[in-house]
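Coordinate inspection notes
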Amino acid sequence: MTDEGHAPAPRRVLIADDDAVSRKIAAALLSPLGYHLRFASTGEEALAAASEERPDLVLLDVMMPGLDGFEVCRRLRERLRGDYIPIVLITALDRRRDVLQGLEAGADDFLNKPMHGAELRARVSNLLKVRSYHQMLATQRDSALATVDMLRQQMLHADRLATLGTFAASVSHELNNIAQVLRSALDTAPSGAAGDACAEDTGSRDMLTHVANHVTELSRTLLRIARPEEGPQPETELGRTLEEVRNMLRLTGRVRHVRVSLVLPEEACVIRANPVHAQQVFLNLLGNAADAVMDTREPFIEAGVRALPGGRIEAWVRDNGPGMSEEVLARIFEPFFTTKPPGYGTGLGLLVVKQLIESWGGHIHVHSHPGSGTRMVLDIPAAQ
């Protein structure tokens, strides 16, 4: 069966003969079989016709002016290398040397003049069946190679994810140890009358406590990458999160060269997510945008959030940087893939962002073209 029930296209037969009567006889014998016939009266015309429209079979007269059938056959074999097309030499010659010369040139069969109708039709039909078989094998080969390449890519991806899982579990363990040391130092710090100096550093203690909590949450995030598990999520207001992240980036000087604009709604946009995870998502997105516009004239970043119908929330980060090519765009969520110079990126940020957003029941969409900037759009369910 063919696609959509259409009949298969007729087989194309190229007939090359300098004798007009011979061409008419061949046409009369093959036309009733439904073949698409094309004619050439010289060897040069035959080569040109084969280049314009690839035939499924060639009937080639040996004795032609200019390029003879042997030379045309040889050149066709060179041009059509990799695609099997039967070539039948038609000749009045009957010497063993001529047959050998034709076989060496790449001919598949021979017919003697004058042609016998039944023999011509039978040989053409059989050779076209052989071509169909070769085409089927070529299709199966291409399909097998595509499958092998797909499996290779899947194995490579699985290997990277396995490496990421091991790496995440190891880093999670180390971060958790650091958080425990911080908490131990805070818990054993002097207080009361003997700890007046510490009382003066209440702000520092609060900051250290916040740092310890943040490190703990990051370690848990990495542990979820290695061993995903589900659990209840607190609520987070995304407008407040965007303001917090912008202020954090300003304090660190990350966006000192960029004009950052926030588009915030009057009503609260609340999602089910850990506040630290929400900060992590927008720190990555805004940080990547800041890096992207580093060399842009009048660099600009816009981040916003708004409520959508149907209980959804849309958040976005847009920049006027150089944008991304289709090749880069197809790989940005691969583990360890980065376009940043060595030492400036791990290639894990966007992967973690994607996993966090999907854990909230949302999706991330990336719109980018070379020369037109990048827009990251988050579609997240609102907290009920």
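All of the points below concern the structure found in this document. The numbering scheme is per chain: residues are counted from 1 as the chain's sequence reads. Under the rules for a predicted model, residues below a pLDDT of 70 receive no local features and side-chain atom pairs below 80 are neither given nor counted, while totals for whole chains, interfaces and linings still include all residues. Side-chain descriptors were evaluated using all non-hydrogen atoms of the structure, hydrogens and water having been removed beforehand.

**Considerations on helix 1 (residues 20–30)**
What counts, and what does not: Throughout this description, buried means an accessible area under 20% of the type-specific maximum (1.4 Å probe, protein chains only), exposed means over 50%, and partly exposed covers the range between. Comment: elements are numbered from the N terminus, with helices defined as DSSP H or I runs of at least four residues and strands as E runs of at least two. This arc is taken over the directions from the axis of the helix to the C-beta atoms.
Restricting attention to buried positions, one finds in helix 1 the residues Ser22, Arg23, Ala26, Ala27, Leu29 and Leu30. Taken down its axis, helix 1 places every buried residue within 165 degrees of arc, on the same side. Facing away from the buried side of helix 1 by over 90 degrees, the exposed positions are Val21, Lys24 and Ala28.

**Digging into empty space enclosed by the protein**
Where we set the bar: Both cavities and pockets are sets of points on a 1 Å grid over the protein atoms alone; in a cavity a 1.4 Å probe fits but cannot get out, in a pocket the set is open with protein on both sides within 12 Å along at least five of seven lines, and lining residues sit with an atom within 4 Å of a point. Grid points are joined across faces, edges and corners, and a volume is the space filled by probe spheres set on the points. Residues were grouped as follows: Ala, Val, Leu, Ile, Met, Phe, Trp, Tyr, Cys and Pro as nonpolar; Asp, Glu, Lys and Arg as charged; and all remaining residues, including Gly, as polar.
Under the counting rule described, the total for this entry stands at two cavities of 30 Å³ or more. Estimates place the volume of the largest cavity at around 60 Å³. Forming the boundary of the largest cavity are Arg12, Val13, Leu14, His36, Leu37, Arg38, Ala49, Ala50, Glu53, Arg54 and Pro55. Where the lining of the largest cavity is concerned, the elements lending two or more residues are strand 1 (12–16), strand 2 (36–40) and helix 2 (43–52). When grouped by side-chain class, the residues that make up the lining of the largest cavity number six nonpolar, one polar and four charged. For the second largest cavity, the full set of lining residues is Arg246, Leu249, Val255, Val260, Leu286 and Ile301. Here the residues of the lining of the second largest cavity are counted per class, giving five nonpolar, no polar and one charged.

**Regarding the sheet that holds strand 12 (residues 374–381)**
We apply this condition: Following DSSP output, two strands are said to pair if at least two bridges run between them. Orientation is described by axes fitted as lines to C-alpha atoms, over the contacting stretch for helices, and by angles from 0 to 180 degrees between their N-to-C directions. Between two residues, a contact is recorded if the distance between any of their heavy atoms is within 4.5 Å.
The mixed open sheet is built from five strands, whose spatial order is 7-9-10-12-11. A single partner strand is all that each edge strand has here, and the edge strands are strand 7 (259–263) and strand 11 (363–368). Averaged over neighbouring strand pairs, the angle between their axes works out to 10 degrees when direction is ignored. Set on the sheet, helix 9 (residues 275–292) makes contact with strand 9 (300–308), strand 10 (312–319), strand 11 and strand 12; between it and strand 10 the angle comes to about 25 degrees.

**Looking at the packing of aromatic side chains**
Keep this limit in mind: Stacked, tilted and edge-to-face are the three classes assigned to paired rings of Phe, Tyr and Trp, where Trp is represented by its six-membered ring and a pair needs centres within 6.5 Å; plane angles under 30 degrees give stacked, over 60 edge-to-face, the rest tilted. When the NZ atom of lysine or the CZ atom of arginine is within 6 Å of a ring's centre and also within 35 degrees of its normal, the charge is said to sit over that ring.
Under the definition given, this model contains zero aromatic pairs. Just above the ring of Phe333 sits the side chain of Lys354; from NZ or CZ to the centre is 6.0 Å.

**A closer look at the packing of helix 9 against helix 11 (residues 349–359)**
Short version of the rule: Here the word oblique covers every angle except those under 35 degrees (roughly parallel), over 145 (roughly antiparallel) and from 65 to 115 (roughly perpendicular). It is the rotation of the near helix from the far one that decides the hand of a crossing: anticlockwise by less than a right angle makes it left-handed, clockwise makes it right-handed.
Where helix 9 meets helix 11, the closest approach of the two axes is 10 Å, and the angle between their N-to-C directions is 140 degrees. In terms of orientation, helix 9 lies oblique with respect to helix 11. Between helix 9 and helix 11 the crossing geometry is left-handed. From helix 9, His277, Gln280, Val281, Asn284, Leu285 and Asn288 reach across to helix 11, where they touch Gly349, Leu350, Val352, Val353, Leu356 and Ile357. Grouping the constituent residues of the contact of helix 9 with helix 11 by class yields seven nonpolar, five polar and no charged.

**Description of the environment of Leu47**
Structurally, Leu47 can be placed in helix 2. Of the residues examined, Leu47 reaches a relative accessible area of 4% and is grouped as buried. Those residues in contact with Leu47 that sit more than four places away from it in its chain are Leu67, Val72, Arg75, Leu76 and Arg79.

**So, the environment of Asp83**
The line we're drawing: Pairs of N or O atoms within 3.5 Å make up the polar contacts considered here, provided that, within protein, one atom can donate a hydrogen while the other can accept it, and that residues adjacent in sequence are counted only when both atoms are side-chain atoms.
You can see Asp83 is positioned in the loop between helix 3 (69–79) and strand 4 (87–91). Along the backbone, Asp83 and Ala138 are 55 residues apart, and their C-alpha atoms lie at a distance of 8.6 Å. In this structure Asp83 touches Arg54 and Arg131, once residues within four positions along its chain are discounted. Separated by 2.9 Å, the side chains of Asp83 and Arg131 make a polar contact.

**Points about the sheet that holds strand 4**
The strand order across the open sheet formed by five strands is 2-1-3-4-5, and the pairing between neighbours is parallel. Single-partner strands in this sheet number two, and they are strand 2 and strand 5 (109–112). With direction set aside, neighbouring strand axes in the sheet form an average angle of 20 degrees.

**Some details on the side chain of Thr241**
Looking at where Thr241 falls in the secondary structure, it is placed in helix 8 (residues 238–252). For Thr241, a relative accessible area of 3% puts it in the buried group. A distance of 3.1 Å separates a polar side-chain atom of Thr241 from the backbone oxygen of Glu237. If sequence neighbours within four positions are ignored, Thr241 has contacts with Thr236, Ala278, Gln279 and Phe282.

**A look at the nonpolar core**
One broad trend across soluble globular proteins is that nonpolar side chains are buried collectively. Selection criterion: Nonpolar core, defined: a set of buried Ala, Val, Leu, Ile, Met, Phe, Trp, Tyr and Cys residues in which side-chain atoms within 4.5 Å join the residues together.
By size, the foremost hydrophobic cluster in this structure holds 39 residues, and its most contacted members are Leu238, Val281, Phe282, Leu285, Trp360 and Leu378. The set of elements that each furnish at least two residues to this core consists of helix 8, strand 7, helix 9, strand 9, strand 10, helix 11, strand 11 and strand 12. For this core, the element with the most residues is helix 9, which contributes seven residues. Judged by nonpolar contacts, the second largest core, of 23 residues, contains Ala46, Ala49, Ala50 and Ala105.

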